[in-house]
Amino acid sequence: ETGVTQTPRHLVMGMTNKKSLKCEQHLGHNAMYWYKQSAKKPLELMFVYSLEERVENNSVPSRFSPECPNSSHLFLHLHTLQPEDSALYLCASSNTGVREKLFFGSGTQLSVL
Amino acid sequence: SQELEQSPQSLIVQEGKNLTINCTSSKTLYGLYWYKQKYGEGLIFLMMLQKGGEEKSHEKITAKLDEKKQQSSLHITASQPSHAGIYLCGAVPKMEYGNKLVFGAGTILRVKS
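Residues numbered from 1 in each chain as written. Chains lettered and ligands numbered in written order. Predicted model: local features only at pLDDT ≥ 70, side-chain atom pairs only at ≥ 80, totals over all residues. Heavy atoms only, no water.

Novice: Give me the lowdown on the overall build of chain A, citing residues and values where you can.
Specialist: Within chain A, the regular secondary structure consists of zero helices and 11 strands. The C-alpha atoms of chain A give 13 Å as radius of gyration, which agrees with the globular expectation for 113 residues (13 Å, within 12%). Within the span of chain A, comprising 113 residues, buried residues form 43% of the whole. In chain A, the proportion of contacts linking residues at least 24 apart, taken out of those at least 6 apart, comes to 53%. (Helix = DSSP H or I, 4+ residues; strand = E, 2+ residues; numbered from the N terminus. Rg over C-alpha atoms; globule rule 2.2 N^0.38 Å. Buried < 20%, exposed > 50% of the residue type's maximum accessible area, 1.4 Å probe, protein only. Contact = heavy atoms within 4.5 Å.)

Novice: A description of the overall build of chain B should follow, citing residues and the corresponding values.
Specialist: On a plain count of helices and strands, chain B comes out with zero helices and 11 strands. For chain B, whose C-alpha radius of gyration is 13 Å, the value lies close to the compact-globule estimate of 13 Å for 113 residues. When contacts within chain B are restricted to residue pairs at least 6 apart in sequence, those whose partners lie at least 24 apart make up 56%. Entry remark: accessible area of chain B is about 5,700 Å², with carbon and sulfur atoms responsible for 47%. Across chain B, the centroid of the 14 positively charged side chains sits 3 Å from that of the 10 negatively charged ones. (Areas by Shrake-Rupley, 256 points an atom, 1.4 Å probe, with all protein chains shown as cover. Lys, Arg positive; Asp, Glu negative; His and termini not counted. Charge placed at Lys NZ, Arg CZ, Asp CG, Glu CD.)

Novice: I'd like to hear about the sheet that holds strand S1 (residues 4–7) of chain A, residue by residue, with values.
Specialist: Residue and element names in this part refer to chain A. Strand order in the open sheet formed by four strands is S1-S3-S8-S7, with antiparallel pairing between adjacent strands. Both edges of this open sheet fall to S1 and strand S7 (64–70), since each of them pairs with a single strand only. Averaged over neighbouring strand pairs, the angle between their axes works out to 15 degrees when direction is ignored. Pairing analysis gives four bridges linking S1 to strand S3 (residues 18–25), with the strands arranged antiparallel. When the sheet's bridge partners are listed, Thr7 is paired in S3 with Lys22. (Pairing = 2+ DSSP bridges. Axes fitted to C-alpha atoms, helices over the stretch in contact; angles between N-to-C directions.)

Novice: Got a sec to walk through the state of the cysteines? Specific residues and values, please.
Specialist: Residue and element names in this part refer to chain A. Summed over the entire model, instances satisfying the criterion amount to two disulfides over all chains. Here Cys68 is not cross-linked by a disulfide; its sulfur's nearest cysteine counterpart is in Cys91, at 9.1 Å. Owing to a relative accessible area of 12%, Cys68 belongs among the buried residues under this scheme. (Disulfide = S-S within 2.5 Å.)

Novice: Tell me about the confidence of the model for chain B, and please be specific about residues and values.
Specialist: For chain B, per-residue confidence averages 90 on the pLDDT scale, and residues scoring 70 or more make up 95% of the total. Mean pLDDT values over the elements of chain B span from 91, in strand S10 (residues 102–103) of chain B, up to 97, in strand S2 (residues 10–14) of chain B. (pLDDT = per-residue confidence, 0-100.)

Novice: Describe in detail the layout of surface pockets, supporting the description with residues and values.
Specialist: Approximately 710 Å³ is the volume found for the largest pocket. Every residue lining the largest pocket is counted, 22 residues in all, and those nearest its centre are Ser38, Ala39 and Lys40 of chain A together with Ile86 and Ile108 of chain B. Elements with a minimum of two residues in the lining of the largest pocket: strand S9 (87–94) of chain A together with strand S9 (85–91) and strand S11 (107–112) of chain B. A per-element tally of the lining of the largest pocket places S11 of chain B first, with three residues. (1 Å grid on protein atoms, 1.4 Å probe; cavity = no way out; pocket = protein on both sides within 12 Å on 5 of 7 lines; lining within 4 Å. Points joined across faces, edges and corners; volume = space filled by probe spheres on them.)

Novice: Go over the pairing of strand S4 (residues 32–37) of chain B with me, naming the residues and quoting the values.
Specialist: Residue and element names in this part refer to chain B. Within S4, six of the six residues are buried, which leaves it mostly tucked inside the rest of the structure. Neither face of S4 is left uncovered, since the one carrying Leu32, Trp34 and Lys36 and the one carrying Tyr33, Tyr35 and Gln37 both have all their residues buried. When S4 meets strand S5 (residues 43–49), the two strands line up antiparallel, connected through six bridges. Residue pairing for S5: Tyr33 is matched across the bridge by Met48. Taking the residues between adjacent antiparallel strands as the criterion, S4 and S5 are bridged by five residues, where Gly40 takes a positive phi near 75 degrees.

Novice: So what's going on with the pairing of S11 of chain B? Which residues, and what values?
Specialist: Residue and element names in this part refer to chain B. Residues Thr107, Leu109 and Val111 of S11 are buried on one face, while the alternating residues Ile108, Arg110 and Lys112, pointing to the opposite face, are not. In terms of strand pairing, S2 meets S11 through five bridges, oriented parallel. For Gln14, the partnering residue across the bridge sits in S11 and is Lys112. Inspection of the sheet shows S9 paired to S11 by three bridges, in the antiparallel sense.

Written as structure tokens, this is what we have:
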């Protein structure tokens, strides 16, 4: 148990569906991250929130919409996804500052049909 | 942008054997992290190296950082089935980016009993 909880663990959705991924951290951290992990590719940093403000958006398509209502919760809203968006979506949290280690959740395995 | 290349991509070792995984960066390293991942799950932090020549150990896993070579190695002594998984190295691209890690593609380790 890393202190970072993601739900759901598995999600299957059609291309016209709207769904949301949820992440909650119980570590008192003030930075949260979304990463995408596709087969045989490095983890891709999608979004970073620091002190509840978005500080990084790595050219992610608008069909992915993050939300960080407070320092403990992070959401990723999904709509009109494509099959190539199927991947493991990982949430992480850390303290802000230089070289603080990231704590990861178990991920949501997403399949887009 | 910084890239991390891991080698080998995968390896299979007999239980009890030693092994080494390498991580080479295309740019200067400002901190190098090692994580372990079980398939389809989140990343578990192993250790972080900050200075050239630094070496850290945890149980039977030792990591070293060669700053001049922009490289880190992870060595497992007397491998066990519990060591099986995906090992990922991560690095901070620039000093001012704090802990927005970029990752290598991972090394898949299988340990045969």
